[in-house]
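An overview of the molecular structure
So the chains spell out like this:
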Amino acid sequence: MALFYSFFKSLVGKDVVVELKNDLSICGTLHSVDQYLNIKLTDISVTDPEKYPHMLSVKNCFIRGSVVRYVQLPADEVDTQLLQDAARKEALQQKQ
């Protein structure tokens, strides 16, 4: 879990799309993330405003980590090789 926390902290200030378990997808700028992977987004918009018209007036939001299904990241911001190496290293440390 610490790997994901530090990874998401490196993406603060980047635009992401957070898909929730209730199928709501929110686009916004990652403002902060905590150790529970709770996420705060600024300058948000929803991908389906017709389905969620009440979200049109919302500009910032806090999302509880347990309701997140996916986080879509900007492809050019993700070093997949570095992330895979870190995941392997963390898995080895947990085995010991």
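Residues numbered from 1 in each chain as written. Predicted model: local features only at pLDDT ≥ 70, side-chain atom pairs only at ≥ 80, totals over all residues. Heavy atoms only, no water.

Attention shifts here to the confidence of the model for the protein chain. Overall, the prediction assigns the protein chain a mean pLDDT of 89, with 99% of residues at 70 or greater. Across the protein chain, strand β4 (residues 61–63) holds the top mean pLDDT of 97, while helix α2 (residues 80–95) sits lowest at 81. (pLDDT = per-residue confidence, 0-100. Helix = DSSP H or I, 4+ residues; strand = E, 2+ residues; numbered from the N terminus.)

Within this structure, the stated rule accounts for three salt bridges. For Asp23, the salt bridge goes to Arg69, with nearest N and O atoms at 2.7 Å. Within this pair, whereas Asp23 is found in the loop between β1 (15–20) and β2 (25–33), its partner Arg69 is found in strand β5 (residues 68–72), the two being separated by 46 residues in sequence. Exposure remark for Asp23: the relative accessible area of 47% places this residue in the partly exposed category. A salt bridge links Arg88 to Asp85, with the shortest nitrogen-to-oxygen separation between them at 3.2 Å. (Salt bridge = Lys/Arg side-chain N within 4 Å of Asp/Glu carboxyl O. Buried < 20%, exposed > 50% of the residue type's maximum accessible area, 1.4 Å probe, protein only.)

Along the chain, Asn38 turns up in the loop between β2 and β3 (39–46). With relative accessibility at 13%, the residue Asn38 sits in the buried group. Contacts of Asn38, omitting those with residues within four sequence positions, involve Ser32, Val33, Phe62, Ile63, Arg64 and Gly65. (Contact = heavy atoms within 4.5 Å.)

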